[in-house]
Amino acid sequence: MLKRVVITAVFFFPSLVMGQEIPAKSVKDGWAIYLGAGYMFGGNIGVLGERQILLKEKFRISPFLASGFSEGTEDSALRRFNWFGIAAGVNMEYGKKHRVFVGPHVVLQELLGNSEQVKKNQLSSVSFIVGYKGTADFGLIWQVYIGDVYSQDDDPFSINKTFSHRSQVGLGIGYKF
C-alpha cells in the first residue's frame, strides 16, 4: 500500500507543482512603459504607457498614450524652437513572446517658444504602423516599427498647412509590470 502511494506521488508531484506556477510577464496582460523614438512616442524621443489587454492566447490589443519632444528649427534671431508632442492610439498584437503588431494613432504637436516669424504653432498627424515586439519572461520589452504618417509640413515659419504622406520608423525599449 505504501509503495503505491509513493509511486503515485512521484508521478503526480511534478504536474501538481507545475500547475501552480505563475505565468511569465511576457504572456499575460498588464501595464507597460517604454522609452523610444518615433512618431508613436510623440516626437524624436518620448515616453509611452500602454495597457496590454489579452483577448485570446495569442491576440491582444494595446491602447497607448505617449508624450515626447522633437527638434524644431531656429528663427533669424537664432532662437531655437522644439516641438512637444502627444500621441495616442491602439495596436493589435499577434503572438506570445514574439509579436507582430499593427495599428493607427494620432499625434498632436505644439511649438515651444514664440516669435514674430512663426506662422503655425500646432501640427496634427495620423499614422499607421506595422512592427515587431519581443518580450522577455522577466518583463523587458523591445520593439521596432515602420509606417506611414499623414502630416502637415513641420516648418513653423512656413504658411504651408497642407498634409502629405511620409514614411516613419521607430524603436523603443520598455518594461512590463
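Every chain is numbered independently, its residues counted from 1 as its sequence is written. Owing to the predicted nature of the model, reporting of local features is limited to residues with pLDDT of at least 70; listing and counting of side-chain atom pairs is limited to 80 or more, with chain, interface and lining totals taken over all residues. Processing note: side-chain calculations cover all non-hydrogen atoms of the structure and skip hydrogens and water entirely.

Strand pairing in a sheet is mediated by backbone hydrogen bonds. Such pairs are either parallel or antiparallel. Two strands make a pair as long as DSSP finds a minimum of two bridges between them. Numbering of helices and strands runs from the N terminus; a helix is a DSSP stretch of H or I covering at least four residues, while a strand is a stretch of E covering at least two. Strand order in this closed barrel of eight strands is 1-2-3-4-5-6-7-8, and the pairing throughout is antiparallel. Here the strands of the sheet are splayed against their neighbours by 25° on average, with no regard to which way each runs. Sheet topology note: the strand 2 (residues 43-56)/strand 3 (residues 59-74) ladder contains nine bridges and is antiparallel. Among the inter-strand pairings, Ile53 is bridged to a residue of strand 3, identified as Ile61. Helix axes use the C-alpha atoms of the stretch in contact, all axes being lines fitted to C-alpha atoms, and the angles between their N-to-C directions lie in the range 0 to 180 degrees.

Here we come to the environment of Ser26. One can find Ser26 in the loop between helix 1 (2-18) and strand 1 (30-38). Residue contacts are defined here by distance: any two heavy atoms, one from each residue, within 4.5 Å place the two residues in contact. Once residues within four sequence positions are removed from consideration, Ser26 is found in contact with Arg60, Lys96, Lys97, Arg99, Thr135, Ala136, Asp137 and Lys176.

Right, let's talk about the nonpolar core for a bit. Counting 13 residues, the largest nonpolar core has Tyr34, Met40, Phe41, Leu48, Ile129 and Tyr145 as its most contacted members. Where this core is concerned, the elements lending two or more residues are strand 1, strand 3, strand 5 (98-112) and strand 7 (140-152). Note on terminology: a nonpolar core comprises buried Ala, Val, Leu, Ile, Met, Phe, Trp, Tyr and Cys residues joined through side-chain atoms within 4.5 Å. Think of it in three bands: residues with accessible area under 20% of the maximum for their type are buried, residues over 50% are exposed, and the middle band is partly exposed, with areas taken using a 1.4 Å probe on protein chains only. Trp83, Leu111, Val118 and Leu123 belong to the second-largest nonpolar core, a separate cluster that totals five residues.

This paragraph deals with the pattern of salt bridges. The salt bridge criterion pairs a side-chain nitrogen of Lys or Arg with a carboxyl oxygen of Asp or Glu, the two atoms within 4 Å. For the coordinates displayed, the defined rule picks out five salt bridges. Of the charged contacts in the structure, one is a salt bridge between Lys133 and Glu50, with a shortest N-O distance of 3.0 Å. Highlighted residues: Lys133 in strand 6 (residues 122-135) and Glu50 in strand 2, separated in sequence by 83 residues. Accessibility assignment for this pair places Lys133 and Glu50 in one class, buried. Within this structure, Glu50, Glu93, Arg99 and Lys133 form a network of salt bridges that share partners.

Among the structural elements, Leu108 can be located in strand 5. With 43 residues separating them along the chain, Leu108 and Ser151 place their C-alpha atoms 9.9 Å apart. Leu108 has contacts with Phe84, Gly85, Ile86, Leu123 and Ser124, leaving out every residue within four places of it along the chain.

Planes of paired rings set the category: under 30 degrees apart is stacked, over 60 is edge-to-face and the rest tilted, where pairs are Phe, Tyr or Trp rings (Trp by its six-membered ring) whose centres lie within 6.5 Å. Considering all chains together, one arrives at three aromatic pairs under this definition. Arranged with centres 5.3 Å apart and planes meeting at 25°, the rings of Tyr150 and Phe163 form a pair that is stacked. Taken together, the positions of Tyr150 in strand 7 and Phe163 in strand 8 (residues 163-176) put the pair 13 residues apart, joining distant regions of the chain. Residue class for Tyr150 comes out partly exposed when judged on its relative accessible area of 34%.

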